[in-house]
2 protein chains.
Amino acid sequence: MTTKDALVIFTPSGKRGRFALGTPVLQAARQLGVDLDSVCGGRGICSKCQIQPGFGDFAKFGIHVDDEALSEWNAVEERYKSKRGMIDGRRLGCQAKVMGDVVIDVPPESQVHKQVIRKSATQRDIVMDPATRVYFIEVAEPDMHEPTGDFERVKQALALQWQVDGVEADLSILSRLQPVLRKGEWKITLALHRGNHDAAHRILDIWPGYHEGPILGLAIDLGSTTIAAHLCDLRDGAVLASAGVMNPQIRFGEDLMSRVSYAMMNPGGDREMTEAVRVALNGLVQTIATEANSDPNAIYELVFVCNPVMHHLLLGVDPVELGQAPFALALSGSLSLPARDLDLSAVNRAAQVYVLPCIAGHVGADAAAVALSEEPDKSEDMVLIVDVGTNAEILLGNKTRVLACSSPTGPAFEGAQISSGQRAAPGAIERTEIDPATKEPRFRVIGSDLWSDDPGFAEAIKSSGITGICGSGIIEAVAEMRMAGIVDGSGLIGSAEQVGTPRCRAEGRTHSYLLHDGAAEGGPVILVTQTDIRAIQLAKSALYAGARLLMDTMGVENVDRITLAGAFGAHISPKHAMVLGMIPDAALDKVTSAGNAAGTGARIALCNRAARDAIEATVQQIHKVETAIEPRFQEHFVNANAIPHATDAFPHLEGVASLPNVSFNTAGAGSDGRRRRRG
Amino acid sequence: MTTKDALVIFTPSGKRGRFALGTPVLQAARQLGVDLDSVCGGRGICSKCQIQPGFGDFAKFGIHVDDEALSEWNAVEERYKSKRGMIDGRRLGCQAKVMGDVVIDVPPESQVHKQVIRKSATQRDIVMDPATRVYFIEVAEPDMHEPTGDFERVKQALALQWQVDGVEADLSILSRLQPVLRKGEWKITLALHRGNHDAAHRILDIWPGYHEGPILGLAIDLGSTTIAAHLCDLRDGAVLASAGVMNPQIRFGEDLMSRVSYAMMNPGGDREMTEAVRVALNGLVQTIATEANSDPNAIYELVFVCNPVMHHLLLGVDPVELGQAPFALALSGSLSLPARDLDLSAVNRAAQVYVLPCIAGHVGADAAAVALSEEPDKSEDMVLIVDVGTNAEILLGNKTRVLACSSPTGPAFEGAQISSGQRAAPGAIERTEIDPATKEPRFRVIGSDLWSDDPGFAEAIKSSGITGICGSGIIEAVAEMRMAGIVDGSGLIGSAEQVGTPRCRAEGRTHSYLLHDGAAEGGPVILVTQTDIRAIQLAKSALYAGARLLMDTMGVENVDRITLAGAFGAHISPKHAMVLGMIPDAALDKVTSAGNAAGTGARIALCNRAARDAIEATVQQIHKVETAIEPRFQEHFVNANAIPHATDAFPHLEGVASLPNVSFNTAGAGSDGRRRRRG
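A quick note: this is a predicted structure, and the numbers were derived from the prediction, not measured.

## Regarding the relation of the copies chain A and chain B
Superposition of the two copies of the chain requires a rotation about an axis together with a shift along that axis.
Okay, step 1: Between chain A and chain B, which share one sequence, the superposing operator has a rotation angle of 180° and an axial displacement of 0.0 Å; the RMSD is 0.1 Å. Classification of the inter-copy transformation places it as that of a two-fold axis. Within chain A, Ala-199 of chain A has its C-alpha nearest the rotation axis, a separation of 4.2 Å.
Okay, step 2: A symmetric contact is evident, with 100% of the interface residues of chain A recurring at the interface of chain B.

Listed below in structure tokens is the structure:
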């Protein structure tokens, strides 16, 4: 017996077992439950099962592997290597057979549940376990004497060759099945989808023979102002492209409540907005596919995160109930549905959509996605997570308890409602510094790493020019204006005389600060106006009030750390955010950016089915705080109008930023900043 | 204790139990598992739970029921009775409370699983257990502090009030849910569908408050020549209307193989035929709904039975593989899908379709439906079931073994390919007698019970006139012509001289027999031509050969009984069928008609979910015989051309019919009858 089998040890898993000589490595891996990929089922076609055998002495395993431990390099491997290339020393697991004791390493890219390593240390890795996977099968040919349908024999093959049971297909697949089977000579590749609530697998597509093409997915963060998407390869989780477009619903109202009002006041208004966003999504699909040089028809899955109003408008549900107490959602659970039910014709016609669950009438699937990405429910310390957008999603908590609310910040942080505002794109001012002595600004523009006073700046930005100021740019500009004494604590811009620079210009009864005059080159004049400052004050007060309300409810005076997130809020400088009073006080090194956490959450749900179950369970545990009916929110909001609202509330700013004690409170500076967006 | 509870006995089930005084009868019934209906869940709205209490001595149960055994007649019952009427002595089970020992009879119409009593003793009763049922619920109102979606609270209510778990809804329902809930003041009625393979219930429709309207279903027998449908009330199984239309695919080919050829020869031809039949189905829905004075929008379910070619063309699958060995079906299993996937826009947009499984490439879901209706697999004696249509489905067997085949009879039996043929409709000659002495015919026409020589006949048929001859009419006419010596054993019509009647007219080199001359009244001249006889000979030879092939395979020389079925084959006279030699010999009283057995099978599957499971299991057990590749089929077919093919093969005709020994075999009578339709 001992001469007829051999010990096989897999690394990195350490799984081991004895196998009869002649057993293919892939088969040994499967029997041991080793995570070794294969699409073709061991037919030497897909090359997904590449392994790295080790030879020589393995002291820690107590074995010696000699050169004949695997069968010889064979013709299938030679053909694959000469055609496609393969790292020297690697073998195909389905071809190499065990001939003696051996140690086999499974390289990361050969694992089914590959990890997508994230660039930033603060972000989570994603283990690949997508709802859509491809399978290669050989189907039995029809037999007149044992008549079964071709589809029934496909199901048999999936059950026998892949242990996949419960397979469904709609007519568009069934009508193509017979020619595809015959063209592939009874060998086909299938894309199968099984959502986290599905018992059955659904065939999304079929191809004759072995199909190499990509299976793509889109993770979409559908915001009130901006729609951001990541195009991912569902085989390895790679992000092929990221793109954003403005939400065209803006023409029906800039913030959520004006859109709800539009739906209330205009019969069919909700339908108009639904159609607008669906058209924009189809456009975004085209844009992002073009950018990635991919076929939009290869997109088989989409995951959406969005706030409740966007959620309802996407689904074609009138959001009117979200505009009045008790803010009842039509549905709060997650939703799985075909993309064609959302008129998403740009993607594959069989594509499936998953929409994350909402937390409450004002706390949506975007907040759920942030929770999925940032995991406050697993944090040891008290973390405040602020997802900056037209509606800010705010989470506060630790592994004991998590609170959530949303706050109607308005679109100012995304560059809308700002006189020179624009979305974050080449040409937009994204960073600003103002010399406190000279009051002269310098800035950086998206598309170049040079500051505006660096040599070569003009040349570097020639292709885009200087076109406007984006969300993170306006936040820095206002904070810098405050630190330079151009703006006082109440938010008023001083006059040229008061401040001592001709950059402060009178505009009617208020003043503006000239950031950049491009008129000589035919470019725009970029000003920060008093109205801009007021818009930022409104936005930051709402954000602060929401965070503060959660801290009150939690019963804490301080937070251990703050995470700033948001599709375009990721570039906000912590110092400037605190100078403005956007966020509560914290040590600046404890304020970090998480990038587009909602988009990341969407991407996690796109790549990993189990994450969908996880977030559905988590949202049940999150306690929702309703800002709209909470008197303390109003109180915090009104009190937070100043910049910052009280210097003694921000001890951590001391030594980091100096805030001049100036006051420009002259007649004519309006107090229009006290309007509230939501009733 | 004994004074605080009472014995409740339900009839006819005999279920009994003791219940606390004050327990509503409906609640007692539910706890005992008594089959007592309720839609409103005991709220006194639906009146489905009517019961008949018995009073006095019940010797067989050993109890006495006194007049106070139930609580007093109450206001809810009084209001219902005065508004809607209720049989004296009946009570509402949800209102009447147990106050003493009592015997409660549940009348048939109050049972959930009502039996639909069939008119004919040979046919099966149907126990109602449809896939679609209505539920009335009260939904919790939204609570800002416990935010869940309205849909989630609907699911909660269904789980709590009806023990219905796993509920799904698509966007068309979700987008209507909020206004419906508010209009109904948080009380709504839902139509829920759960197919026999579904884990979850799907919401098909919602109404504010309690909804009384009908839930309708359509059972459709989609034949090559005729599409027949029954419109049923899914609450009680009542057939509200039956209607048929011609299958418009006839213009692409009269029989199955010509349609497959059309698809082969014309790119997109299958698509044309698919669209044609779907358009016709929508028209049929309108026709049948109008006939029943029903709203087609109340049709929530459709069940289809059809042969494999019709099956594929209905589903939009190119039938080309069915035209060549090995006759591979694209799919053989049953299929559940939304009606909109079949472009059936005339029914409710949420309507669901169930298609019965096919047995083999030439033996379809229609044969499965016949097996479901006629149950050969449960028969003690050897039964031959012949479903007469353009393609005949033939089943032979008993509880030990069942064989099935199909035979390409062509459309002659349905009145097509016959010079004066028409479908069975008012004005069509359906029965014929010919006096053997005078060779004079008399006949009956659909729409009147009078024979053409009865007084008042002309008046009785005035509205329709005499328009043609239907399938059963032509069979009788040819058999009568044979018995009257107008046609000889080879199928030739004699000349006027040979036969001795001027009704035999020369038509080119052959002769025709004049059945009716309506020219004087501006009506048609109805002839039976030599070509008509040849068409009938082809059809009956194919039918006989199929039956004979199954008998050979089964190893039997005789059958115990024969069932004739078919949408329009139900009116065939057994004697005439045997004179023709359509069916094998049998005692005439053992030859019965089953009506449209395929349609009945469809109706059973429509009304009873368990029947779907049953037939799916049964088709796995049926052994299929492929006529197209069986040399004995050809042999039987060729040998069966004569009328009947051999008098000694039909001993049971002796004493029932006399077959004159005539021969008109003159030059010119073509032998074109030997063409075969299928290769």
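## Here we look at the pairing of strand S7 (residues 102–105) of chain A
Taken residue by residue, a regular strand's side chains alternate between the two faces of the sheet.
Okay, step 1: Note that strand S1 (residues 5–11) of chain A and S7 of chain A share four bridges and pair parallel. Paired with Ile-9 of chain A across the bridge in S7 of chain A is Val-103 of chain A.

## Structural notes on the domain arrangement of chain A
Okay, step 1: One can read the domain layout of chain A as domain 1 (5–110), domain 2 (131–208), domain 3 (219–359), domain 4 (369–411 + 535–673) and domain 5 (420–527).
Okay, step 2: Centre-to-centre separation of domain 2 of chain A and domain 5 of chain A, based on C-alpha positions: 61 Å.

## Quick notes on the nonpolar core
Okay, step 1: One finds Phe-304, Ala-368 and Val-386 of chain A together with Ala-368 and Val-386 of chain B to be the most contacted residues of the largest nonpolar core, which totals 370 residues.
Okay, step 2: Apart from the residues within four sequence positions on either side, Val-386 of chain B is in contact with Ala-392, Ile-394, Leu-543, Ala-547, Ile-562, Leu-564, Ala-565 and Ile-583 of chain B.
Okay, step 3: Counting 24 residues, the second-largest nonpolar core is a separate cluster that includes Ile-9, Leu-26, Leu-36 and Val-103 of chain A.

## Some words on unusual backbone geometry
All names here are of chain B.
Okay, step 1: Omega for the peptide link from Thr-11 to Pro-12 comes to 5°, which places this bond in the cis form.
Okay, step 2: One can find Pro-12 in the loop between strand S1 (5–11) and strand S2 (16–20).
Okay, step 3: With an omega of -25°, the peptide bond running from Ile-643 to Pro-644 counts as cis.
Okay, step 4: Here Pro-644 shows up in the segment after helix H16 (631–639).
Okay, step 5: A positive phi angle, close to 55°, is found at Phe-327, a residue other than glycine.
Okay, step 6: In this structure, Phe-327 sits in the loop between helix H7 (308–315) and strand S18 (335–338).
Okay, step 7: For Phe-327, a count of 19 C-beta atoms within 10 Å puts it in the partly exposed group.

Cut-offs applied
- Residues numbered from 1 in each chain as written.
- Chains lettered and ligands numbered in written order.
- Predicted model: local features only at pLDDT ≥ 70, side-chain atom pairs only at ≥ 80, totals over all residues.
- Least-squares fit on C-alpha atoms with pLDDT ≥ 70 in both.
- Contact = placed C-beta atoms within 7 Å.
- Pairing = 2+ DSSP bridges.
- Helix = DSSP H or I, 4+ residues; strand = E, 2+ residues; numbered from the N terminus.
- Domains from an automatic or database assignment.
- Core = buried A, V, L, I, M, F, W, Y, C linked by C-beta atoms within 7 Å.
- Buried ≥ 20, exposed ≤ 12 C-beta atoms within 10 Å, placed from the backbone.

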